[in-house]
Amino acid sequence: MIPPLGVSTPTARLGWLDVLRGWAALAVALHHASYVYLPDVRIGLQGWFDPGTYGVLVFFLVSGYIVPASLERRESVRGFWIGRFFRIYPLLAVSCLLAVLPFLLGVRGLRAGLEHYHPATAILAHATMLQDLLAVPNAMNVLWTLSYEMAFYLLVVALFVVGVHRRSAPVSVGLTAAAVMVGGLLPTWLLSGLLSRTAGVGVVVAACFAALAAAIAAAVSGRAPARLAGGLLGGLVAAVLVLLNGRVGAWQGLAMMALMFAGTAVYRAEHGQIPAWSGRAAAVLVPAGSLAAGVWNMHGDWHAQLVWAGTVLTATATFAAGWLLRHRRFPRWATGLGTASFSIYLLHPLLLMVAAQFLGRSSGREDVPGLLVFVAVLLAAGWASQRWIEAPAQRLGRRLARRAPSSAAESPVLAASP
């Protein structure tokens, strides 16, 4: 639930991360709301800054900072996947159901022509959370980011089972170098495009679902060889999809993955797991390389280059500011916003759909009072969703995760890793 008013205890909940999450979720929500309520402001901003991508990149940096740490704190791949499942899927399932409900009732079509795909293909693709990397339209526009989050989880687990998880700095720099040097040469939707001419996109989705299910099942097993094979298979699936089957250019996918691993490198340097200079190098080289990858691969489109550069720099600066203030105490309302950030992120497209298509709010004129009402309703819905959907699911996940044995006991490979 959203904590009561007062001040947070950063040592207990890393309040600065909550503040960043809440701010990022609100930035994305306001960006999408501007299409309905502030069209002139949106047009004025789009020439130099993308608030939506900015919020997403802040999210990715935060995920990179904390997600691998949660896996290593548990020392259990099984516990990690249980925690991720109960953290994400309950609310994701409810949100997707609400998104497709108007279609099921015959009121409107699905987003981006999703209704033209076989239902099994659409469901399996979204069940993997990799639909944006499988050439399947997202049921909601914001779900594309979850595909890159899932790819990141798979790569993190792969590095963990091999025992090289502390090499986050060279991994992040290597991904950035790949984004600059070869990211623009790699195709988009290669696998899905090739097979769609013969067997259809459904074949890629079914194969990915089967591989992902096998990878996670093996990674959480009680046998060390199976865990190793499962972790590597999951990492291979993630790498192939990001490199060869993304909706966006491979350079951008690689840059986003690099930023997540840069967040991990910052965490490791801060906690003495790697040399401080290594963390600082990743914190400087990865944003700079990501910016260079965009400028290089946008081929003279100065407008797009400017937007990408401004977005990367401001997202990095926001994360850096939060990190510098990490020992400060923050108001409970600010950390509470972060606690409900996932609900805010997933629910705001649904509220905008209702406002624009069922309440006739897309008039094309500035509507500040309407925007304020939207924000108030969104915050209330986010609080309710976090309290009655997210929190109970997370409590159940924590209970189940505590029963999972640690990887140090499960695997001699991991027990011997640094």
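A few points on the structure. As the structure is a prediction and not an experimental result, all values here were calculated from the model.

Our next topic: helix 8 (residues 168–181). Between the first and last C-alpha of helix 8 there are 20 Å, a value that for 14 residues agrees with the 20 Å anticipated at 1.5 Å per step. All of the buried residues along helix 8 are Ser 168, Ala 169, Ser 172, Leu 175, Thr 176 and Ala 179. Within helix 8, the buried residues cover an arc of 135 degrees as seen down the axis, which keeps them to one side. Residues of helix 8 that are exposed and angled more than 90 degrees away from the buried face: Pro 170 and Met 181.

Before going further, it helps to examine unusual backbone geometry. Positive phi, close to 55 degrees, is recorded for Glu 75, a residue that is not glycine. Tracing the backbone shows Glu 75 in the loop between helix 4 (51–74) and helix 5 (77–104). On the basis of relative accessible area, Glu 75 is assigned to the partly exposed category, the value being 39%. Phi at Met 129 is positive, roughly 65 degrees, even though this residue is not glycine. Residue placement: Met 129 occurs in the loop between helix 6 (119–128) and helix 7 (144–162).

Moving on, we come to the state of the cysteines. Following the criterion strictly, the structure yields 0 disulfides and no others. The thiol of Cys 96 is not disulfide-bonded; the next cysteine sulfur, from Cys 208, is found 16 Å away.

Moving on: the packing of helix 12 (residues 250–270) against helix 13 (residues 276–297). In the contact formed by helix 12 and helix 13, the axes pass within 8 Å of each other and the chain directions differ by 165 degrees. When the interaxial angle is binned, helix 12 and helix 13 end up roughly antiparallel. As for how helix 12 packs across helix 13, the hand of that crossing is left-handed. Within the contact between the two elements, helix 12 uses Trp 251, Ala 255, Ala 258, Leu 259, Ala 262, Ala 265, Val 266 and Ala 269 and helix 13 uses Ala 276, Gly 279, Ala 282, Ala 283, Val 286, Pro 287, Ser 290, Ala 293, Gly 294 and Asn 297. For the contact of helix 12 with helix 13, the per-class residue count stands at 14 nonpolar, 4 polar and no charged.

How each quantity is defined
Residues numbered from 1 in each chain as written. Predicted model: local features only at pLDDT ≥ 70, side-chain atom pairs only at ≥ 80, totals over all residues. Heavy atoms only, no water. Helix = DSSP H or I, 4+ residues; strand = E, 2+ residues; numbered from the N terminus. Expected span 1.5 Å × (residues − 1). Buried < 20%, exposed > 50% of the residue type's maximum accessible area, 1.4 Å probe, protein only. Arc of directions from axis to C-beta. Disulfide = S-S within 2.5 Å. Axes fitted to C-alpha atoms, helices over the stretch in contact; angles between N-to-C directions. Parallel < 35°, antiparallel > 145°, perpendicular 65-115°, else oblique. Left-handed = near helix turned anticlockwise from the far one by under 90°. Contact = heavy atoms within 4.5 Å. Nonpolar A, V, L, I, M, F, W, Y, C, P; charged D, E, K, R; others polar.

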